[in-house]
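Spelled out, the chains give:
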Amino acid sequence: MKVLFTHSYFYRFDEKQWRLRRPYPPYGTMLAAAMVRQAGFEVAIYDSGLQEGPAGIKEKIEVFKPDVLVLFDDNFNYLSKMCLTVMRKAAFELIQYGKEAGCRILVNSSDATDHPEMFLEAGADVVMPGESEMTLLELLTKDIAEAAFTEGIALVKNGSLLKTKRRTGFKELDSLPVPAWDLVNLEPYKKIWQDAHGYFSLNIATTRGCPFKCNWCAKPIYGNRYQSRSPETVMEEMKLLMTGYGATHFWICDDIFGLKPGWVKSFSGLLQQSGLHPKLKIQCRADLLLKEETIDDLVAAGLDEVWMGAESGSQKILDAMDKGTTVKQIYLATNLLKSKGVKVCFFLQYGYIGETKADIDLTLKMVKELMPHDIGISVSYPLPNTGFYEKVKAQFKDKQNWTDSDDLAMMYQGTFIADFYRQLHRHTHFVFRQRFSAINLKRILRAQSLSISTMKSAIKLPYFFVAEMVSRRKLNALEKR
Ligand code: SF4
């Protein structure tokens, strides 16, 4: 039996991400493909990532002639968890092409987990909600009639939606094969990275899930569990990607990295012994970073950049989100990481229930005082099966999902109008850039740095000064509307 895998994240359809020039191959799709191949099926991947659009799959279908088309999103990439409507539309088109070619269509994604009925209506034979590699393997050996008795599926039976019991996820991640890196053409990814950034970064997952309970965070695939691979298998995979494909940098795409006690220390030791010297980018929480010698071990392993879910500079808002971290921890972890030469970046979130102008000012103050290396700003986005969603769903209008990752539409009535938050997003960037330019000007005046990038940044100070002033005025006007 021939199985063609694909996924619905097209970088070109998400203008902001495409502009950033940081594309990653579909790790979760390649992993599912490797498992199916290991089970004896003939497998190929149509990697949507860098394609112009879904129609390109028609040629692949014509050449490969699959019996089954599996739309399996990369659930390790947070972009797929955003359930963007532009990607949903692309998914429906991919399904349509598979249908026209007579394929059986199986679907797994965050969006399909939340809305199986939509994907079934679009032509999917079976949706596999949640963690579904085992479900997929089982379905490939069953016909449609038997499929209804499989755990972890949603399908239409006798005109109604039938959902079976959710399947328990993997416990032994080390038993999984290495993702099918050989089935995706990595050269175009490498070229984009080299041209834009001067190095090649690849993605790798070391865990599944997150046990924390931030009440806005949707975890439709792996839920609140936390499973971890052994440091040895992760190191082996990195070795393969460095020697085989020329990667020198890794984005460890785990929700949170290094939660298991002792894991980072063992991993760091192995990496040092191996003689490999990759640079690492991770996502983590302030409280975890402050545990034991985590930061020292991470630095020894090659930590280059941390994206911290800081969210807010107001303790009141962190508590309302059930974040479980403190503003003090954010300050401590940031200063410690910066003192060790690590780039610290913040995920920030505006518009949470009850957030006032005073809370927003605390977030701006935190940004100015800590000066992270970069910031990613979002507004609170209610996704199904979260406490936050339940609190605000009565206020939903027609639009319930963002179009792309730069949409930032408010889906519910925040303290201020939607335009205020759009302006606040711009304003925060101006505040941040102005401060950054001022710091660089000081470094030049003190002869601490005369590099071209420092000078370029310092020269922009007058522009950011004016831009920040104008944007503050606009913000004040919008605050009163
Ligand atoms: S720590 Fe991160 S991944 Fe875990 S629940 Fe909070 S926001 Fe979600």
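Residues numbered from 1 in each chain as written. Predicted model: local features only at pLDDT ≥ 70, side-chain atom pairs only at ≥ 80, totals over all residues.

Helix and strand counts for the protein come out as 20 helices and 15 strands. With respect to the three principal axes, the spread of C-alpha positions in the protein is 70 × 55 × 40 Å. Looking at the protein residue by residue over its 481 residues, the buried ones come to 43%. Counting contacts in the protein only where the partners sit at least 6 residues apart, residues at least 24 apart contribute 75% of the total. (Helix = DSSP H or I, 4+ residues; strand = E, 2+ residues; numbered from the N terminus. Buried ≥ 20, exposed ≤ 12 C-beta atoms within 10 Å, placed from the backbone. Contact = placed C-beta atoms within 7 Å.)

What follows covers the site of the ligand. Around the ligand, a shell composed of C210, F212, K213, C214, C217, D255, I256, R285 and G309 is seen. The class makeup of the residues in the shell around the ligand is 5 nonpolar, 1 polar and 3 charged. (Near = placed C-beta within 6 Å. Nonpolar A, V, L, I, M, F, W, Y, C, P; charged D, E, K, R; others polar.)

To continue, consider the domain arrangement of the protein. Each assigned domain of the protein is listed here: domain 1 (2–163), domain 2 (199–402) and domain 3 (416–481). Using only C-alpha atoms to locate each centre, domain 1 and domain 2 end up separated by 27 Å. With 16 residues of domain 1 in contact, the opposing surface of domain 2 contributes 12 residues. Among the elements that make up the side of domain 1 that touches domain 2, the one with the highest residue count is helix α5 (residues 110–114) (3 residues). (Domains from an automatic or database assignment.)

On to the pairing of strand β6 (residues 154–157), then. Note that β6 and strand β7 (residues 160–163) share 4 bridges and pair antiparallel. In the strand pairing of β7, K157 is matched with S160. Connecting β6 to the next strand, β7, in antiparallel fashion are 2 residues, including N158 with a positive phi near 50°. (Pairing = 2+ DSSP bridges.)

A few words now on unusual backbone geometry. One non-glycine residue, K65, lies in the positive phi region at around 55°. Within the secondary structure layout, K65 lies in the loop between α3 (57–64) and β3 (68–72).

Here we come to helix α13 (residues 294–301). Residues three or four positions apart in an α-helix share a direction because the helix packs 3.6 residues into each turn. For α13, the full list of buried residues reads T294, I295, L298 and A301. Considered in projection along α13, the buried side chains sweep an arc of 125° and stay on one side of the axis. Here the buried face of α13 lies against α11 (263–274), β12 (279–284), α12 (286–289), β13 (303–311) and α15 (327–339). Trailing α13 by a residue or two, G302 shows a phi angle of about 110°, which is positive. (Arc of directions from axis to C-beta.)

Tracing the sequence through the fold places I221 in the loop between β9 (207–208) and β10 (227–228). When the C-alpha atoms of I221 and M128 are compared, they prove to be 10.0 Å apart, with 93 residues separating the residues in sequence. When near neighbours in sequence (up to four residues on either side) are disregarded, I221 contacts N75, S110, T113, G130 and E131.

What the 6 strands build is an open sheet, ordered β8-β11-β12-β13-β14-β15; its pairing is parallel. Every other strand in the sheet has two partners, leaving β8 (201–204) and β15 (374–379) as the edge strands with one partner each. Sheet twist, expressed as the average angle between the axes of neighbouring strands with direction ignored, equals 20°. In this sheet, β15 lies alongside strand β14 (residues 343–350) in parallel orientation, the contact comprising 6 bridges. The residue bridging F346 from the neighbouring strand is I375, located in β15. Where helix α18 (residues 418–445) meets the sheet, its contacts fall on β14 and β15, and the angle it forms with β15 comes to roughly 170°. (Axes fitted to C-alpha atoms, helices over the stretch in contact; angles between N-to-C directions.)

Turning next to the pairing of strand β1 (residues 2–6). The buried count for β1 comes to 4 of 5 residues, which makes it a mostly enclosed element. Across 5 bridges, β1 lies against strand β2 (residues 42–46) in parallel orientation. Counterpart to L4 in the pairing with β2 is A44. Across 4 bridges, β1 lies against β3 in parallel orientation. Bridging from a neighbouring strand, L4 pairs with L69 of β3.

This brings us to the nonpolar core. V127 and M308 are the most contacted members of the largest nonpolar core, which has 119 residues in total. By residue number, the principal contributor to this core is helix α2 (residues 27–38), which donates 7 residues. Ignoring sequence-local partners within four residues, the contact set of M308 consists of C284, A286, I330, A333, V344, C345, F346 and F347. (Core = buried A, V, L, I, M, F, W, Y, C linked by C-beta atoms within 7 Å.)

Turning next to the packing of helix α10 (residues 231–245) against α11. One can describe the packing of α10 onto α11 by two numbers: an axis separation of 9 Å at closest approach and a directional angle of 40°. Relative to α11, α10 is oriented oblique. As α10 packs across α11, the resulting crossing turns out to be right-handed. In this structure, α10 uses P231, E232, V234, M235 and K239 to contact α11, whose residues at the interface are W263, S266, F267, L270, L271 and S274. (Parallel < 35°, antiparallel > 145°, perpendicular 65-115°, else oblique. Left-handed = near helix turned anticlockwise from the far one by under 90°.)

Further remarks concern the packing of α3 against helix α4 (residues 85–100). Their axes nearest at 10 Å, the elements α3 and α4 cross at an angle of 30°. Judged by the angle between their axes, α3 and α4 are roughly parallel. Note that α3 runs across α4; the crossing there is right-handed. Across the interface between the two elements, I57, K58 and I61 from α3 touch L94, Y97 and G98 from α4. In terms of residue class, the contact of α3 with α4 is made up of 4 nonpolar, 1 polar and 1 charged.

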